[in-house]
Structure formats: structure tokens, C-alpha cells
Amino acid sequence: MLRNTWARPVLVAGVCALALAGCAGTKKPKTRLAYEERPVELLYATGADRLDRRQWGTAVDYFREVERQHPYSEWSRRAVLMQAYAHYQGNDYPEAIADADRFIQLYPGNPAAAYAHYIKAVCYFEQIVDVGRDQAATGQALDALRNVVQRYPNTEYAQDARLKIDMVNDQLAGKEMTIGRWYLRQGDTLAAIGRFKTVVDRYQTTSHTPEALYRLVESYLTLGLMEEAKRNGSVLGYNYPGDGWYSDAYSLLTDRGLRPAVEPSGGGQRRGLIRIPFMKRKSTTIAPPAAVSANEAQQQTAAAEPK
């Protein structure tokens, strides 16, 4: 009886495995458009219509047909960017990046290459889920966003990229602060100082800088390094005299007989408590310059038809 009791689950598991294998073997491949030679304007108009309907995968299929059937047309160049945009909207970031890279390789001197660099950077940016755990994605996003700003500084793409760079830097600075505070709680003051100095040196334009300077004052006083504490307090007071973190640092230093020259001013609100929100909204992403609406494409199709 014991042997039969053990054999039955094994037999059932084997049957299930075979059933799963059969299901996997009969999985239908992704359907593709049947080849049918059609006017380029009509193909493009249909792809634009599918974009308007938010049917991202179908839109990609039609834009691919534009490329395949009319590879040397102006519509083909536009279709590459439209594929990148459709893949991006469908959260297929690797394909969107591949489309953008393909456009850059094929048309490096084209004005629309600016958009290809931009949509590639946005794809990396939207893959940042948790900055503390995904440094690779964060680094790729920063490099790509900075590339847009450096190459096309006076464009709307650069303007959006700068906002995203500020958000990423604020996230990275927040991560350093979180680790630094943890080290302080563990009594590892030297390790904490290293994290706070990283914020001051590398992310000095973020909202975390006043607190980082305060924590340095606090840490150096703990170690008995009075001159270092006073120096960081002076930097904090010179740059953020009205910040609550400076008020706290001023009190700490004054209690140790190291009264700073700058008196605290303002309401004393701590600046680090108001941070740049990390937002990833597709509604704010700029559409490609080659984006022709379905109605416009249909009008161009009608105009191209023989009278």
C-alpha cells in the first residue's frame, strides 16, 4: 500500500508534465500581417490610426510594412521613429531602444535624430524601478539623458531631459542619505561621513544637500573634529541660512563654543523635507516629429490618388 501511495502522485505529475509540454508545443506563433502591396500613404495612415486607438502592436506591424514595401521613401524614415514610439507606449523598451538606435545609425545627420536620442533616454529612465537596487538602469538613464542635453541643448527634448536628470539625481542623493543615516544608527560614523560627503560633492544641487551638511556637522562633532564640523557648518549657513537644518547645526556648534558667524534666518523649515517627486508619466513624453495623425495621412493618401 505504501508503494502505491507514493506512485500515484508521481504518475499524476508525469501526466501533468506531458500535458504542459503538449500545450507549449501547440502555442500559436505571433500573427503577422499578410503581405499585400498597398500605397505607402495608406499603410502609414492605418498605422497612425492604430496609434490613435492605442493598439501599439498593430501599429508597429503597419509601420514595419511601410519600411518593407517602400524602403526608400520619406515615409519609411518616419516609420522607424513611429515604431520606436509605439514600442515605448507598449512598454516594450528593448524594442523601442533598438528602433531608436537603428534610426541613429541610418540617419545620423537627420534633424529627427534628436528625437531618437530622446526616446531612447526616456526608455532607460522609465526602467528605473528602485534606484537603490538598480544602479545599472540608473546609470544608463543618466548617460542617455545627459547626451540629449549636450547634443541638443536648445530643444524641447533637452528641457524634458533636464527635469528627468534632476529627478534621478534627487533619488540617488536620497539613497546615499538613507544609507548614511543607517550607518549613524549603527555607530559607524566614518562610513556615514563618506555617504554624506558623496551627496555634498556629487549631488550638491539636490534637495538633500542641507541635511547632508548638517549630518556632517553632527558626525564630526561626534568624532571630536571641531574644525571640520565648523567648516561644514559655515558652508551650510552661507548657502542655506534660512533652512531648518542650519538652525539645528547652529545650535549644535554654539553649544560646543563654535558659534558660526552667520545667524539663522527665515522660518526654519527643513528644505530636505520637500523633494522632487519621481514621476514617470507617458502623457508628458514628447511625440515624435514624424508623427502624422491618421486624418492627415488619409488626406495625403486622397491627394495622391489619380483623379
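This text goes with the structure placed above it.
Residues numbered from 1 in each chain as written. Predicted model: local features only at pLDDT ≥ 70, side-chain atom pairs only at ≥ 80, totals over all residues. Heavy atoms only, no water.

S.K.: I'd like a description of the packing of aromatic side chains, backed by residues and values.
M.R.: Inspection of every chain in the model, using the stated rule, returns eleven aromatic pairs. Ring plane angle 55° and centroid distance 6.3 Å describe the contact between Y88 and Y93, whose orientation is recorded as tilted. Here Y88 and Y93 have matching classes, each one buried. Between W182 and Y183 the ring centres are 5.5 Å apart and the planes differ by 65°, which places this aromatic pair in the edge-to-face class. Among the aromatic residues, those joined into a ring-pair cluster are Y44, F63 and W75. The side chain of K164 reaches across the aromatic face of F125, ending 5.4 Å from its centre. Directly above the aromatic system of Y88 lies the positively charged group of K282, at a separation of 4.4 Å from the ring centroid. (Phe/Tyr/Trp six-rings, centres within 6.5 Å; stacked < 30°, edge-to-face > 60°. Buried < 20%, exposed > 50% of the residue type's maximum accessible area, 1.4 Å probe, protein only. Lys NZ or Arg CZ within 6 Å of the ring centre and 35° of its normal.)

S.K.: Help me get a handle on the packing of helix α2 (residues 40–52) against helix α3 (residues 56–69), residues and values and all.
M.R.: At a closest axis distance of 8 Å, the pairing of α2 and α3 adopts a crossing angle of 165°. Between α2 and α3, the angle is such that the two are roughly antiparallel. The element α2 and its partner α3 pack so that their crossing is left-handed. Of the residues in α3, those in contact with V40, L43, Y44, T46, G47, A48, R50 and L51 of α2 are W56, T58, A59, Y62, F63, E65, V66 and Q69. (Axes fitted to C-alpha atoms, helices over the stretch in contact; angles between N-to-C directions. Helix = DSSP H or I, 4+ residues; strand = E, 2+ residues; numbered from the N terminus. Parallel < 35°, antiparallel > 145°, perpendicular 65-115°, else oblique. Left-handed = near helix turned anticlockwise from the far one by under 90°. Contact = heavy atoms within 4.5 Å.)

S.K.: With reference to specific residues and values, describe the pattern of salt bridges.
M.R.: The tally for this structure, following the rule as stated, stands at 15 salt bridges. Measuring nitrogen to oxygen at the nearest pair gives 2.7 Å for the salt bridge that ties R53 to D49. Judged by relative accessible area, which is 53%, R53 ranks as exposed. On the basis of relative accessibility, which here comes to 17%, the residue D49 falls in the buried class. When the shortest N-O distance is used, the salt bridge between R195 and E176 registers 3.1 Å. You can see R195 sitting in helix α9 (residues 189–202) and its partner E176 sitting in helix α8 (residues 156–186), a full 19 residues away along the chain. A network of salt bridges, in which partner residues are shared, links R181, E211, R215 and E218. (Salt bridge = Lys/Arg side-chain N within 4 Å of Asp/Glu carboxyl O.)

S.K.: Kindly report on the side chain of R215, identifying the contributing residues and their values.
M.R.: Secondary-structure assignment places R215 in helix α10 (residues 209–223). R215 gets classed as buried once you look at its relative accessible area, which sits at 16%. Not counting chain neighbours up to four residues away, the residues in contact with R215 comprise M177, R181, L184, F196 and W245.

S.K.: Can you break down α10 residue by residue, with the values?
M.R.: In an α-helix there are 3.6 residues to a turn, and that puts residues three or four apart on one side. With 15 residues, α10 ought to run about 21 Å at 1.5 Å a step, and its terminal C-alpha atoms sit 21 Å apart, in line with that. In terms of burial, α10 is a largely internal element, twelve of the 15 residues being buried. Turning to α10, its buried residues are T209, P210, E211, A212, L213, Y214, R215, L216, V217, S219, Y220 and L221. Where α10 is buried, its residues meet α8, α9, α11 (226–239) and α12 (244–255). Among the residues trailing α10, G224 stands out with phi positive, at a value near 80°. (Expected span 1.5 Å × (residues − 1).)

Everything listed here is a matter of geometry and, on its own, says nothing about what the molecule does.
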